[in-house]
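Spelled out, the chains give:
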Amino acid sequence: MRKTILYSTFAGTFMFGTIFGITNETQHSEADIAKAEDDQMNPALLSQSELQNIINQYMQGTIDEVTLNEHNEFEVTVNQDDETFDVLIDGRNGYVKHLYRREEQPSHSLTATGTTIEQLDAIELALETVNGEPKRVDLTQNNGTLVYQVIVRYDEKDFHVIVDAYTGVVLDVNS
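Now for a look at the structure at hand. Here the structure is a predicted model, which is why all the values come from computation and not from measurement. (Residues numbered from 1 in each chain as written. Predicted model: local features only at pLDDT ≥ 70, side-chain atom pairs only at ≥ 80, totals over all residues. Heavy atoms only, no water.)

## Digging into the overall build of the protein
Reasoning step 1: When you go through the protein residue by residue, the secondary structure sums to three helices and eight strands.
Reasoning step 2: When the elements of the protein are put in sequence order from the N terminus, they spell out α-α-β-β-β-β-α-β-β-β-β.
Reasoning step 3: Among the 175 residues that make up the protein, the fraction classed as buried is 26%.
Reasoning step 4: The contacts in the protein between residues at least 6 apart in sequence include a share of 29% that link residues at least 24 apart.
Reasoning step 5: If you sum the accessible surface of the protein, you get close to 12600 Å²; carbon and sulfur atoms cover 52% of it. (Helix = DSSP H or I, 4+ residues; strand = E, 2+ residues; numbered from the N terminus. Buried < 20%, exposed > 50% of the residue type's maximum accessible area, 1.4 Å probe, protein only. Contact = heavy atoms within 4.5 Å. Areas by Shrake-Rupley, 256 points an atom, 1.4 Å probe, with all protein chains shown as cover.)

As structure tokens, then:
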């Protein structure tokens, strides 16, 4: 009889321990699964050293400024050999969305060769060439000449009108 009680006690303890262990493991696994799913949905943001490693894949520059925007993207300003780059990096997976080299902008009002026309004048000149709606105007260097690049929308097409920033002459129109 003692053997029967001893075996029954042992069997009961073994079964209880096994069931408790499986239940505990199941709860633990469900928690791990929930955490893994949450990590996939909202992974952690990249660290400063991870950002620097990503930048180093493209250039050997130093990070001057880092800003996190509302889309969890890092807007990074990088200097390399007297040039400045703007880099847009997904803050969660490190994907480089954009990499722009900033162009030096000469003084808009006075340069060595004289004064530039106003931005509104460049738009008017572009609209005299292409009738439409102005969408964007940029003052840039084009083959060493300071020009306004005016984008005009006409008949569901974008036309790029290049206007000399000093003389106001329309240099080129393309779509």
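## A word on the pairing of strand β7 (residues 157-164)
Reasoning step 1: Strand direction decides the pairing type here: strand β6 (residues 145-154) and β7, joined by eight bridges, are antiparallel. Note that in β7 the partner of Tyr 154 across the bridge is Lys 157.
Reasoning step 2: The sheet contact formed by β7 and strand β8 (residues 170-174) spans four bridges and is antiparallel. In the sheet register, Ile 162 faces β8, and the bridge partner there is Asp 172.
Reasoning step 3: In this antiparallel pair of consecutive strands, β7 and β8, the connection spans five residues, and Gly 168 shows a positive phi of 80°. (Pairing = 2+ DSSP bridges.)

## Quick notes on unusual backbone geometry
Reasoning step 1: Backbone geometry places Asn 72, a non-glycine residue, at a positive phi of 55°.
Reasoning step 2: By relative accessible area, Asn 72 is classed as partly exposed at 25%.
Reasoning step 3: A positive phi is found at Asp 155, a non-glycine position, where the angle reads about 55°.
Reasoning step 4: Among the secondary structure elements, Asp 155 is positioned in the loop between β6 and β7.

## Observations concerning a negative patch on the surface
Reasoning step 1: There is a patch of like negative charges on the surface, built from Asp 64, Glu 65, Glu 70 and Glu 75.
Reasoning step 2: Assignment of secondary structure puts Glu 70 in the loop between β1 (62-68) and β2 (73-80). (Patch = residues over 30% accessible without salt bridge, like charges linked within 9 Å, V, L, I, M, F, W, Y side chains within 5 Å. Salt bridge = Lys/Arg side-chain N within 4 Å of Asp/Glu carboxyl O. Lys, Arg positive; Asp, Glu negative; His and termini not counted. Charge placed at Lys NZ, Arg CZ, Asp CG, Glu CD.)

## What about the environment of Phe 74?
Reasoning step 1: Along the chain, Phe 74 turns up in strand β2.
Reasoning step 2: Here the alpha-carbon distance between Phe 74 and Gly 91, two residues 17 residues apart in the chain, equals 5.6 Å.
Reasoning step 3: Apart from the residues lying within four places of it in its own chain, the contact partners of Phe 74 are Leu 45, Leu 46, Leu 51, Val 66, Thr 67, Leu 68, Val 87, Leu 88, Ile 89 and Gly 91.

## As for helix α2 (residues 48-58)
Reasoning step 1: Within the span of α2, buried status applies to Leu 51, Ile 54 and Ile 55. Taken around the axis of α2, the buried residues stretch over an arc of 100°, which confines them to a single face.
Reasoning step 2: Elements in contact with the buried residues of α2: β1, β2, β3 (83-90) and β4 (96-101). (Arc of directions from axis to C-beta.)

## Section: the sheet that holds strand β5 (residues 133-142)
Reasoning step 1: Strand order in the open sheet made by the four strands is β5-β6-β7-β8, with antiparallel pairing throughout. Only two strands of the sheet have a single neighbouring strand rather than two, namely β5 and β8. For this sheet, the mean angle separating the axes of adjacent strands, direction not counted, is 20°.
Reasoning step 2: Here helix α3 (residues 119-129) sits on the sheet and contacts β5, β6, β7 and β8; the angle it forms with β6, its principal contact strand, is near 55°. (Axes fitted to C-alpha atoms, helices over the stretch in contact; angles between N-to-C directions.)

## Considerations on the side chain of Gln 80
Reasoning step 1: Assignment of secondary structure puts Gln 80 in strand β2.
Reasoning step 2: At a separation of 3.5 Å, a polar atom in the side chain of Gln 80 contacts the main-chain amide nitrogen of Gln 60.
Reasoning step 3: Ignoring any residue separated from it by four or fewer positions in sequence, one finds Gln 80 in contact with Met 59, Gln 60, Gly 61 and Phe 85. (Polar contact = N/O pair within 3.5 Å; in protein donor to acceptor, adjacent residues only side chain to side chain.)

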